[in-house]
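Report on the structure
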Amino acid sequence: MLTPKDENDLAQMIRGAASPLVVQGGGTRGMQVAGTGLTTAGLTGITLYEPGALTIVARAGTPVAEVEATLATGNQRLAFEPMDHRPLLGTAGTPTIGGVVAANVSGPRRIAVGAARDFMLGLRYVDGQGTIVKNGGRVMKNVTGYDLVRLLTGSHGTLGVITEVSLKVLPCPETEATLVLPGQDIAAAIQAMSAALGSPFEVTGAAHVAAGGRTLLRLEGFGDSVAYRMGRLRDLLRADDAVLQGDESTAEWAALRDVTAFAAAPGDVWRVSVKPSDAPGIVARMGDGVQVQLDWGGGMIWALAPAGTDLRARIGAFSGHATLVRADAATRAALPVFQPEAAAVAALSAGLRAQFDPRGILNPGLMAA
Amino acid sequence: MEMPAPNPVVLARKARVVARLLDVLPKNAVIHDDAETRAYECDALTAYRCPPMIVVLPTSTAEVSDILRICHSEGVPVVPRGSGTSLAGGALPTADCVILGVARMNDVLEVDYDNRIIRVQTGRTNLSVSGAVAEEDFFYAPDPSSQLACAIAGNIAMNSGGAHCLKYGVTTNNLMGVTMVLMDGTVVEMGGAHLDAGGLDLLGVICGSEGQLGVVTEATLRILRKPEGARPILMGYDSNEVAGEVVSVIIKAGVLPVAIEFMDRPCIEACEAFAKAGYPMCEALLIVEVEGSPAEIDHQLGLIKEIAARHNPVELREAQDADEAGRIWLGRKSAFGAMGQINDYMCLDGTIPVSSLPYVLRRIGEMSKEFGLDVANVFHAGDGNMHPLILFDANKPGDLERCEAFGAEILKLCVEAGGCLTGEHGVGIEKRDLMVHQFTAEDLEAQMAVKDVFDPAWLLNPAKVFPLTVSAPRRAVAMAAE
Ligand SMILES: Cc1cc2nc3c(=O)[nH]c(=O)nc-3n(C[C@H](O)[C@H](O)[C@H](O)COP(=O)(O)OP(=O)(O)OC[C@H]3O[C@@H](n4cnc5c(N)ncnc54)[C@H](O)[C@@H]3O)c2cc1C
């Protein structure tokens, strides 16, 4: 395993590499491409935290836990709520902030505040030739030149190795509460979630779990305000159902975020991003033996399918994309991890890869053949 | 500001290009008469003008594809145009270019409240997108001050921001999908009603690419339900330092206002003389607006008032009703008009870390004396996006040049303070040659490599964003190919 100690060291290693590198942070997502391992775990440290400017800058290998602990001292947080993949994937290791960014990992609050990519202010990376590049910066508004920040975010280490990220952060709310609607089928859940998200009551989580048909709607903020909005939301949905307060609500959303319901169950796990109103039809097409959990108001379907199921083939044509998150080696060999792209888009993506990594040594084949 | 010399080979082809365009477009969509092309000679950076060779005004994605295919095969540069309100010269033509204006493409294609999206043709103006969903109390969040005129096309190209972006983000945070035509005529779909990219975030790169990667013809935008209410509070202080400190303390207290606007003394004086909003005469004025339910507003304003009072304000005024709220915003909203009455002005757009606000304002004050030109500052304080307005007299020989030199020094100061050249207006031609102060040669090379993929012949808006000397080798290849 190559463990560069700083950015220059990393640049040197990439320049010197003669064969493919498997780029990872803490290795918690267990990527399966062949090559020499390269970890950013040695590039650590928070280089700037300015609570008054809602900004934090950290080297890529900094553990997410360290970032979160530092933010907690200012009563702030990573609002996009990145999931911890370890329970679901059964992996060990320490999730790093660079890994979160490289995979654009966002949790339930994505529906209200945006994804990891929306909180990215700037980054530094080393491309496939060993060249050090920066883009964006540490300020909230910046349109200077092309936005390579968003291009690199979610590029899964295929365009460059991210060495430092700067992020916008948000204040922690005073409290939270969750309205639980039991006994709903998917169609009813989508309807309730759409009504809630289309209300002015600032819903920051809208999920549905098949077990018990529970639909969950989260509100956050100052105590008085949450109480008032919860009242209005219940009126809107004509719901006199239970409300989870504070810690109980927090625990529920942590489990939803990490999809722990599928952790112990055997089978493949898929993440399918869809137009929320399409979700009932798509879930129906997934067919028998597939369990689902919905997030993002129905726009994100987590599916647990029997090993080796080609879920994309079952769904057929749809607007969105399906990613294979967990599978055994045989399934991975048969099915691409990422949704195959339309020809014109695939050509652009391939062109970009050829520019950023002309030798094709950074996680080759991970995002496209 | 230098522009590349027009390509004589392209100019010589004008008649043929016009004829080919008329094969695919109705007569009234192709403008080639010199008297008429003049209407497109500049955008809102009016100091620079150049009539284009031809102007085309298509009405569909298919027509845009035909136009680009023809221009590609004839080697003609294309400059996309929305409403022409760019303050950076982004839509400035060259004499050998085709201006591709999307102003006639302004249909609403789909409104979907359940999925909270609207799909529009990109020539539609920003405000009329919100207008199309107002009946259900929804809105499109990014609200540039130019929203009555500017088009979604230009908003996407510049990744435009607005007064409320501290809470709602800028265009890139509200854009879900586009239909875009590449220079060779290929139509590409990216994103849609679902969230996030399945592969590389190409949508993220398109947004803010200043019309250099493709012509965006349709867009899927996120719409939001309007908050229950909003209320501003105004506070005046004796020093910029204290006002800057108040902003920082408010944010640290866990309050997230939708807007925090800052005005300095020259700006307050000009606005007061113009709009008579009843502003206090002081060094620094803050307008802070919060949104939400009545309970939320009361609670947040309570915290803000308490912080404001601790810092010895010369004035603290909370709006009690819509009328008072209007008066608090009146001066700020007329800032540009007020300046325009006094003088010609140049509006800058650098961003700085909020913590360096006092230092940067002090340096701007010193430089103002050195250059002998007055400056007024309006400022989105929550996000550090400054708008220094340099006052000059366009009729006085040498004043514009002095103003530009002063502006360049201010932008370099922003970069030096840890910020950037432009927070929302874009680079265009205006900040093109300053890019080397923010980026290394490698940084710029990485950006240009993206254009190489989308537009290998460098025909789309080629003389913008990158310093001419830096982009010269790539543009020279395009010229030689003709
Ligand atoms: C009084 C005033 C106030 C302003 N306030 C703000 C503000 O608050 N916030 C802010 O961000 N900006 C502001 N601006 C700047 C300007 O309004 C924005 O940059 C706006 O987004 C430009 O839109 P437009 O349609 O006028 O674009 P244009 O000026 O026509 O073009 C701008 C750029 O977009 C490209 N482009 C146009 N159409 C397309 C297309 N279909 N495909 C690809 N590229 C295209 C052009 O080539 C050009 O590079 C202001 C301007 C004025 C005059």
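Parameters at a glance
- Residues numbered from 1 in each chain as written.
- Chains lettered and ligands numbered in written order.
- Predicted model: local features only at pLDDT ≥ 70, side-chain atom pairs only at ≥ 80, totals over all residues.
- Heavy atoms only, no water.
- Domains from an automatic or database assignment.
- Contact = heavy atoms within 4.5 Å.
- Buried area = accessible area lost by both parts, 1.4 Å probe.
- Salt bridge = Lys/Arg side-chain N within 4 Å of Asp/Glu carboxyl O.
- Polar contact = N/O pair within 3.5 Å; in protein donor to acceptor, adjacent residues only side chain to side chain.
- Helix = DSSP H or I, 4+ residues; strand = E, 2+ residues; numbered from the N terminus.
- Nonpolar A, V, L, I, M, F, W, Y, C, P; charged D, E, K, R; others polar.
- Expected span 1.5 Å × (residues − 1).
- Buried < 20%, exposed > 50% of the residue type's maximum accessible area, 1.4 Å probe, protein only.
- Pairing = 2+ DSSP bridges.
- Axes fitted to C-alpha atoms, helices over the stretch in contact; angles between N-to-C directions.
- Phe/Tyr/Trp six-rings, centres within 6.5 Å; stacked < 30°, edge-to-face > 60°.
- Lys NZ or Arg CZ within 6 Å of the ring centre and 35° of its normal.
- Core = buried A, V, L, I, M, F, W, Y, C linked by side-chain atoms within 4.5 Å.

1. Notes on the domain arrangement of chain A
Residues and elements named next belong to chain A.
- Partitioning chain A into domains gives domain 1 (7-171), domain 2 (175-258) and domain 3 (261-334).
- Taken over C-alpha atoms, the centre of domain 2 sits 24 Å from the centre of domain 3.
- Counting residues at the interface gives 11 residues for domain 2, matched by 12 residues for domain 3.
- Taken together, both faces of the contact between domain 2 and domain 3 bury some 930 Å²; the carbon and sulfur share is 63%.
- On inspection of domain 2 and its partner domain 3, the count reaches zero salt bridges.
- The tally of links from domain 2 across to domain 3 stands at four residue pairs in polar contact (both at pLDDT 80 or more).
- Every element with two or more residues in the side of domain 2 that touches domain 3 is listed here: α8 (186-197) and β11 (203-209).
- A breakdown of the residues in the side of domain 2 that touches domain 3 according to their chemical character gives 10 nonpolar, one polar and no charged.

2. Topic: helix α15 (residues 399-416) of chain B
Residues and elements named next belong to chain B.
- The terminal C-alpha atoms of α15, which comprises 18 residues, lie 26 Å apart, in line with the 26 Å expected from a rise of 1.5 Å per residue.
- The complete set of buried residues in α15 reads Asp399, Cys403, Phe406, Gly407, Ala408, Ile410, Leu411, Leu413, Cys414 and Val415.
- The secondary structure elements touched by the buried residues of α15 are β16 (344-347), α14 (357-371), β17 (375-380), β18 (385-392) and α16 (435-438).
- Remark: Gly418 follows α15 within two positions and exhibits a positive phi of approximately 100 degrees.

3. As for unusual backbone geometry
Residues and elements named next belong to chain B.
- Backbone geometry places Arg116, a non-glycine residue, at a positive phi of 55 degrees.
- If you trace the backbone, Arg116 turns up in the loop between β5 (108-112) and β6 (117-121).
- Residue classification places Arg116 among the buried positions, given a relative accessible area of 10%.
- Phi at Asn159 is positive, roughly 50 degrees, even though this residue is not glycine.
- If you trace the backbone, Asn159 turns up in the loop between α6 (152-158) and α7 (165-168).

4. What about the pairing of strand β7 (residues 132-136) of chain A?
All names here are of chain A.
- With five bridges connecting them, strand β6 (residues 120-127) and β7 associate as antiparallel partners. Across the sheet, the residue bridging to Arg124 is Lys134, located in β7.
- Where β6 folds back onto β7 in an antiparallel hairpin, the turn is made up of four residues, including Gly130, whose phi is positive at roughly 90 degrees.

5. Section: the sheet that holds strand β4 (residues 55-59) of chain A
- On the basis of which strands lie adjacent, the open sheet formed by five strands has the order β3-β4-β8-β6-β7 (chain A) and antiparallel pairing. The open sheet has two edge strands, β3 (46-50) and β7 of chain A, and neither has a second partner. Strand-to-strand twist across the sheet, computed as the mean angle between neighbouring axes with direction ignored, equals 15 degrees.
- Pairing geometry for β6(A) and strand β8 (residues 160-168) of chain A, over seven bridges, is antiparallel. Its bridge partner being in β8(A), Leu123(A) is matched across the sheet by Val165(A).
- Helix α17 (residues 441-454) of chain B rests against β6 and β7 of chain A of the sheet, and its axis sits at about 70 degrees to β7(A).

6. Section: the pattern of salt bridges
Residues and elements named next belong to chain B.
- What the rule picks out here adds up to 50 salt bridges over all chains.
- Put simply, Arg20 and Glu74 hold a salt bridge, and the shortest N to O gap is 2.9 Å. Of this pair, Arg20 sits in helix α2 (residues 14-24) while Glu74 sits in helix α4 (residues 61-74); the two residues are 54 residues apart in sequence, bridging distant segments of the chain.
- Arg20 sits in the partly exposed class, given a relative accessible area of 29%.
- Residue Glu74 is classed as buried on the basis of its relative accessible area, which comes to 3%.
- For Arg474, the salt bridge identified is with Glu445, shortest N-O distance 2.8 Å. Taken together, the residues span a long stretch of sequence, with Arg474 in helix α18 (residues 468-481) and Glu445 in helix α17 at a distance of 29 residues.
- For Glu445, a relative accessible area of 39% corresponds to the partly exposed category.

7. Overview of the packing of aromatic side chains
- The final tally for this structure, using the stated rule, is eight aromatic pairs over all chains.
- For the pair Phe80(A) and Phe119(A), a centre-to-centre distance of 5.6 Å together with 40 degrees between the ring planes defines the contact as tilted. Of this pair, Phe80(A) sits in the loop between β5 (76-77) and α3 (86-89) while Phe119(A) is found in helix α6 (residues 116-119), placing the two residues 39 residues apart along the sequence. The pair formed by Phe80(A) and Phe119(A) is uniform in burial state, with each residue classed as buried.
- A connected cluster of aromatic rings, assembled from ring pairs, spans Tyr146(A), Trp458(B) and Phe466(B).
- Sitting over the ring of Trp458(B), Lys451(B) keeps its end group 5.1 Å from the ring centre.

8. Observations concerning the sheet that holds strand β4 (residues 98-101) of chain B
Residues and elements named next belong to chain B.
- Here we have four strands laid out as an open sheet, ordered β1-β2-β4-β3, and mixed in their pairing. Two strands lie at the open edges of the sheet, namely β1 (30-31) and β3 (78-81), each paired on one side alone.
- Relative to β4, strand β2 (residues 54-56) is paired through three bridges, and the arrangement is parallel. Each residue of the ladder has a partner; that of Val55, found in β4, is Ile99.

9. Description of the interface of chain B and chain A
- Listed per partner, the contact involves 92 residues of chain B and 74 residues of chain A.
- In this assembly, chain B and chain A are joined by eight salt bridges.
- In this structure, Lys141(A) and Glu424(B) form a salt bridge, with 2.6 Å as the shortest nitrogen-oxygen distance.
- Only β5, α7, β9 (187-191), α8 (202-206), α9 (240-252), α11 (294-310), α16 and α17 of chain B provide two or more residues apiece to the side of chain B that touches chain A.
- Here the element with the most residues in the side of chain B that touches chain A is α17(B); it accounts for 10 residues.

10. Remarks on the nonpolar core
- Residues Met190(B) and Phe454(B) are the most contacted members of the largest nonpolar core, which totals 186 residues.
- At eight residues, α15(B) tops the list of elements feeding residues into this core.
- In this structure, Met190(B) is in contact with Val345(A), Leu348(A), Met176(B), Gly177(B), Val178(B), Met180(B), Leu202(B), Leu203(B), Ile206(B) and Phe454(B), ignoring residues within four places of it in sequence.
- By size, the runner-up hydrophobic cluster in this structure holds 28 residues, among which are Val64(B), Ile67(B), Val98(B) and Leu460(B).

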